[in-house]
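Descriptive analysis of the structure
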Amino acid sequence: MQIDSLEFDNAVRAHLPYIPYHLDASNDEIDTRLKKIYALIHEFGDDHTKEFVKQLPYFH
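So, how was this worked out
Residues numbered from 1 in each chain as written. Predicted model: local features only at pLDDT ≥ 70, side-chain atom pairs only at ≥ 80, totals over all residues. Heavy atoms only, no water. Salt bridge = Lys/Arg side-chain N within 4 Å of Asp/Glu carboxyl O. Helix = DSSP H or I, 4+ residues; strand = E, 2+ residues; numbered from the N terminus. Buried < 20%, exposed > 50% of the residue type's maximum accessible area, 1.4 Å probe, protein only. Expected span 1.5 Å × (residues − 1). Arc of directions from axis to C-beta. Axes fitted to C-alpha atoms, helices over the stretch in contact; angles between N-to-C directions. Parallel < 35°, antiparallel > 145°, perpendicular 65-115°, else oblique. Left-handed = near helix turned anticlockwise from the far one by under 90°. Contact = heavy atoms within 4.5 Å. pLDDT = per-residue confidence, 0-100.

Observations concerning the pattern of salt bridges
Following the criterion strictly, the structure yields two salt bridges and no others. We note a salt bridge from Glu-51 to Lys-54, for which the minimum N-O separation is 3.8 Å. Remark: Lys-54 and Glu-51 occur in helix H3 (residues 47-54); sequence separation between them is three residues, near one turn of the helix.

This is how it looks when you write it as C-alpha cells:
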C-alpha cells in the first residue's frame, strides 16, 4: 500500500466518527511506519536525539 493511499484513507476515516481509531487497519500501518522511522532516527542519531526518541510514545 502506498503512503498516498494510506493518508487518503486516514483522512476519510477522520471524518467518520463511528470507526474507532484503534480498529482501523490503515492507522495501524501508519503507526508501524512511524515506529520504524523513529527506530532509524534513534539508531543513527546523536545522544540528544536518542534521548528525545526514547521519550516518545511510539518508542516504548
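Picking up where we left off.
With respect to the environment of Ser-5
Assignment of secondary structure puts Ser-5 in helix H1 (residues 3-14). The class for Ser-5 is partly exposed, based on a relative accessible area of 31%. Distance from Ser-5 to Ser-26, taken between C-alpha atoms, is 9.1 Å for residues 21 residues apart in sequence.

Some remarks on helix H2 (residues 25-44)
Quick reminder: α-helices carry 3.6 residues per turn. Residues three or four places apart thus point the same way. Taking 1.5 Å per residue, 20 residues should reach 28 Å; H2 reaches 29 Å between its end C-alpha atoms and fits that length. The set of residues buried in H2 consists of Ser-26, Asn-27, Ile-30, Asp-31 and His-42. In an axial view of H2, the angular spread of the buried residues amounts to 150 degrees, which keeps them on one side of the axis. Residues of H2 that are exposed and angled more than 90 degrees away from the buried face: Ala-25, Lys-36, Glu-43 and Phe-44.

What to know about the packing of H2 against H3
Contact pair H2 / H3: the axes reach a minimum separation of 8 Å and the direction vectors enclose 150 degrees. When the interaxial angle is binned, H2 and H3 end up roughly antiparallel. Classified by chirality, the crossing of H3 by H2 is left-handed. Of the residues in H3, those in contact with Tyr-38, Ile-41, His-42 and Glu-43 of H2 are Thr-49, Lys-50, Val-53 and Lys-54.

Considering the confidence of the model for the protein chain
Here the protein chain averages 81 in pLDDT, while 83% of its residues score no lower than 70. By mean pLDDT, the top-scoring element of the protein chain is H3 (94), and the lowest-scoring one is H1 (74).

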